[in-house]
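Chain by chain, the residues run as shown.
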Amino acid sequence: MTPPPQTSTEEDQTDAAARKAKGEFVRGVSGFRHAIGDADFPAEPGRYHLFVALNCPWCHRVTLARAVLGLTGAISMDVAFPNRTGDDDPAGPNLWEFNPGRIASLTGAPLAECTAETGTGQGLRLAKQVYQAEGSQEQSVPILYDKQAGRIVSNESAEIIRMLAAQAGPLGSALSDADRPDFYPEDAALRTQIDALNERVYITINNGAYKAGFSSDQQVYARAFEAYFETLGWLDDLLGDGRPFLTGEAFTEADLRLFPTLYRHDPVYTVRMKLNGARILDYPNLWRWLCRVYAVPGVRAAGSLVHCRQGYFGRSWNGVVPLGPLRPMPYPGAYEHPDLAG
C-alpha cells in the first residue's frame, strides 16, 4: 500500500496578533510533526501512547481512530480532566491536568474516564510537562507519544489519525485488514473527494464553531455563523441521494473528521458556541448520518458528552453546566434514534 501523505488544514497565521486583538479566534499551528513509520518511530505494538481530553473535538478525532481501527489494546491512553487548571493552581491557569480525583461540578464526583499520567513513567500532572521535557512551551492535546524513545511523535490530530490508519496492522490492530475501515482509500478520485470535504468541513464546521463561539467581534461571529449553517445545509443535501456516508457506501476519514463537531452541536454548541440557528435534528439526512456513524463499532465508547458538557460550560463565566436538552429525548441516547428526524 502506498503510504498516504500527511495532511492537515491549518489556519493562516498572517497578522494573528492583530486579528486576535480585534476579537477573532485564531488557532495556532502544532509544532510536533513526526510520523509513525519514520526511521525514529517504527510501527510496533505497545510502543505508542496518547494523551487526550475527551471534551476536545481534536482529541475526539484521535480516540475515534484508535477505537474504530481496533487499536485500543495496542495504543495506551491517558485522559485529562475536562476543565483546565484555574488561577489558583501553582503551575498557572488554563493547563490540561491528569487528576483522576478531581470533582466534576456536573456530577459532584470524579469522572471515571479520567486517569493519572502513565505514558512517560514519571507520573506527571500536566500535559505541559510532557512538552517541557523536549524544550517546548506548547501545552495542547492530543499528544502521540513514543514510550520507548521518551519523545513526542506528533500533536497534530489530522496527521495522527492518518498515520494510525496507515500503520494500523503493524501497530497491532485487533481487526483483520478485511474488517478494518480504510479511512483514505488509494483511489485517486475518492482521495480528492475526501480532501475537499476535509478542507470545507475544517474551515466552516470544525474550526468554524470556534470562530463563532470564541469571537468577541459581532461581524466575525456572524460570518462564522453563516458559513457553519450554509455547510450544514450543503451536507444535508449531499446526503439526500441516500448514500450512507459522505463519500458513498464506506465510512472514511471525512466522516470521522465531521463527527466530533456534530456530536457536540445539539447538546453543547447551540448554547456555548452561539450556534443556535438550527439543531442537527432539523436536518433529516444529516441527523440520520450522525446516528449511523454513532452506530459504527467503537464510536460510542470513544467520546463522552459528560466530559463535553463539563469541559465547555465549566470554563464559562459562572461554571454552571446546563442539564438539557431533554426534548425530544436526552443526548447521547438520541443518537440511537434516526427516526427522530422524521
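Predicted model only: the values in this text are computed from it and were never measured.

Procedures and definitions
- Residues numbered from 1 in each chain as written.
- Predicted model: local features only at pLDDT ≥ 70, side-chain atom pairs only at ≥ 80, totals over all residues.
- Heavy atoms only, no water.
- Axes fitted to C-alpha atoms, helices over the stretch in contact; angles between N-to-C directions.
- Helix = DSSP H or I, 4+ residues; strand = E, 2+ residues; numbered from the N terminus.
- Parallel < 35°, antiparallel > 145°, perpendicular 65-115°, else oblique.
- Left-handed = near helix turned anticlockwise from the far one by under 90°.
- Contact = heavy atoms within 4.5 Å.
- Nonpolar A, V, L, I, M, F, W, Y, C, P; charged D, E, K, R; others polar.
- Buried < 20%, exposed > 50% of the residue type's maximum accessible area, 1.4 Å probe, protein only.
- Pairing = 2+ DSSP bridges.

(A) Quick peek at the packing of helix 2 (residues 57–68) against helix 8 (residues 253–272). Between helix 2 and helix 8, whose axes approach to 9 Å, the crossing angle comes to 125°. Taken together, helix 2 and helix 8 sit at an angle that is classed as oblique. Seen along the crossing, helix 2 lies across helix 8 with a hand that is right-handed. Counting all contacts with helix 2, which are made through Pro-57, His-60, Arg-61, Leu-64 and Ala-65, the residues of helix 8 involved are Leu-256, Arg-257, Phe-259, Pro-260, Tyr-263, Arg-264 and Tyr-269. Looking at the contact of helix 2 with helix 8 residue by residue, the classes come out as eight nonpolar, one polar and three charged.

(B) Structural context of the pairing of strand 1 (residues 48–52). Taking burial as the measure, the five residues of strand 1 include five buried ones, the bulk of the element. In strand 1, alternate side chains face the same way, and those of Tyr-48, Leu-50 and Val-52 on one face and His-49 and Phe-51 on the other are all buried. One ladder, built from four bridges, connects strand 1 with strand 5 (residues 143–146); its direction is antiparallel. Bridged to Tyr-48 within strand 5 is Asp-146. The pairing of strand 1 with strand 2 (residues 76–79) spans four bridges and is classified as parallel. Its bridge partner being in strand 2, Phe-51 is matched across the sheet by Asp-78.

Bear in mind that shape data such as this cannot, by itself, settle questions of function.
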